[in-house]
Amino acid sequence: MCAHVPFRSLRTRFRYYKRQLTRLAKVHAAQCKHTAAIPDFAAMQRWLERRVPSRGATIVHGDFKIDNLVFHPTECRVIAVLDWEMSTIGHPISDLANLAAAYYVPGTTNPRKTNAMMSGLAGIDLDGSGVPQEDELVAMYCEASGRRLSDEEWAFCRAFLFFKYSVITQGIAARQAQGSASSAHAKHATGMVPVVASVARSFMDAHGGLLTTAPTAMVLEPEETVSTAPLRSKL
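The numbers attached to residues start from 1 for each chain and follow its sequence in the written order. Residues qualify for local features only when their pLDDT is at least 70, as the model is predicted, and side-chain atom pairs are given and counted only at 80 or more; totals for whole chains, interfaces and linings, by contrast, use all residues. To obtain the side-chain values, all non-hydrogen atoms of the structure were used and water was disregarded.

J.: How do you make sense of the overall build of the protein chain when you look at a structure like this?
T.: Secondary structure elements are taken from DSSP: a helix is a run of H or I of four residues or more, a strand is a run of E of two residues or more, and numbering for both begins at the N terminus. Regarding its fold elements, the protein chain presents six helices and four strands. Shown N-terminal to C-terminal, the secondary structure of the protein chain runs as helices and strands in the order α-α-β-β-β-β-α-α-α-α. With 235 residues in all, the protein chain has 45% of them scored as buried. Sequence-distant contacts in the protein chain: of pairs separated by 6 or more residues, those separated by 24 or more amount to 74%. Carbon together with sulfur atoms contributes 53% to the accessible area of the protein chain, which is approximately 12,900 Å² in total. Three exposure classes are used, based on accessible area relative to the maximum for each residue type with a 1.4 Å probe and protein chains only: buried under 20%, partly exposed in between, and exposed over 50%. Between two residues, a contact is recorded if the distance between any of their heavy atoms is within 4.5 Å. Only the protein chains shown count as cover for residues, with accessible areas throughout obtained via the Shrake-Rupley method and a probe of 1.4 Å.

J.: For this particular structure, what's the right way to read the pairing of strand β3 (residues 78-81)?
T.: When a strand is regular, its side chains alternate between the sheet's two faces. Pairing geometry for strand β2 (residues 69-71) and β3, over three bridges, is antiparallel. Each bridged residue has a counterpart across the sheet, and for Phe71 the counterpart in β3 is Val78. At least two bridges found by DSSP between two strands is the condition for calling them paired. With antiparallel pairing between neighbouring strands as the criterion, β2 and β3 make up a hairpin whose turn holds six residues.

J.: In this structure, what is going on with unusual backbone geometry? I would like to understand it.
T.: Glycine aside, the phi torsion of most residues is negative, and most peptide linkages are trans. Despite not being glycine, Asp40 shows a phi value in the positive range, around 60 degrees. Its place among the elements puts Asp40 in the loop between α1 (16-31) and α2 (41-49). When its relative accessible area of 41% is taken as the criterion, Asp40 is described as partly exposed. Positive phi, normally seen in glycine, also occurs at Asp83, with a value near 60 degrees. By the element assignment, Asp83 lies in the loop between β3 and β4 (88-90).

J.: Even after reading the chapter, I still don't get a negative patch on the surface, so can you show me in this structure?
T.: Candidate patch residues must exceed 30% relative accessible area and have no salt bridge, after which like charges are joined if within 9 Å and Val, Leu, Ile, Met, Phe, Trp or Tyr side chains if within 5 Å. A pair is scored as a salt bridge if a Lys or Arg side-chain nitrogen falls within 4 Å of a carboxyl oxygen belonging to Asp or Glu. For this count, His and the chain ends are skipped, Lys and Arg are scored as positive, and Asp and Glu as negative. To locate a charge, take NZ of a lysine, CZ of an arginine, CG of an aspartate or CD of a glutamate. Judged by side-chain charge, Asp125, Asp127, Asp135 and Glu136 come together as a negatively charged surface patch. Note on placement: Glu136 falls in helix α4 (residues 134-145).

J.: Help me out: how do you make sense of the packing of aromatic side chains in this one?
T.: Ring pairs (aromatic) are described by centroid distance and by the angle formed between their planes. Ring pairs are drawn from Phe, Tyr and Trp, using the six-membered ring of Trp, whenever the two centres fall within 6.5 Å, and their geometry is named by plane angle: stacked under 30 degrees, edge-to-face over 60, tilted for the rest. Taken as a whole, this structure holds nine aromatic pairs when the rule is applied. The interplanar angle of 80 degrees and the centroid separation of 5.6 Å between the aromatic rings of Phe162 and Tyr165 together place this pair among those described as edge-to-face. Taken as a pair, Phe162 and Tyr165 lie in helix α5 (residues 151-178) at a separation of three residues, close to a single helical turn. Each member of the pair, Phe162 as well as Tyr165, carries the same accessibility label: buried. With centroids separated by 6.4 Å and ring planes inclined at 35 degrees, the aromatic side chains of Phe162 and Phe203 adopt a geometry described as tilted. In this pair, Phe162 sits in helix α5 while Phe203 sits in helix α6 (residues 189-205), placing the two residues 41 residues apart along the sequence. Both residues of the pair, Phe162 and Phe203, belong to the buried class. An aromatic cluster is defined as three or more aromatic residues linked by ring pairs; in this entry it consists of Tyr16, Tyr17, Phe156 and Phe160.

See below:
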């Protein structure tokens, strides 16, 4: 069954990233009343504000990732994209960055025995799996869309995504502190906030930013594994 969404129901937001940065700053400040602040939050916000891309707007899904794709049972193709409730008019590369986030989140071969909040592809051998490497994914997108993607624009989109994820994770920690978190993984949120933020900072550092390390995947403690529980945002 197909759902038809009229274009008029999508609010035109040409300030896609600027609007979200303003909103995230307000949310972060409110959450700091209940849990620790995100390390270097103000500096990361300034880095992002100085580098907002000027590329035109298009329809974006808002939560485009493998979890929200339905694959054909026998053919190598996607037959449906689920969960469009966060769709809007936004930056054309934002959905690609959302999909590519999996390359920076540790994966697991045993999702039933996990205790953390996110699961991805980092550390998994993709050779022969049919899953492209990140650079292959980007090349496929550019070829299909006819768009060119600069290193600076790609760094911004990924840095922003993990900046947003850090605020989402901080929100889970804040709800946990108040006793209102519903997720079984919420108890891990406080420790995950700086881990998620460090991924955003690593992209920034590689492009004149905050730290001295190259872009890298999350680093978890040896006893931590990751689950397939989706990370949701209503921002």
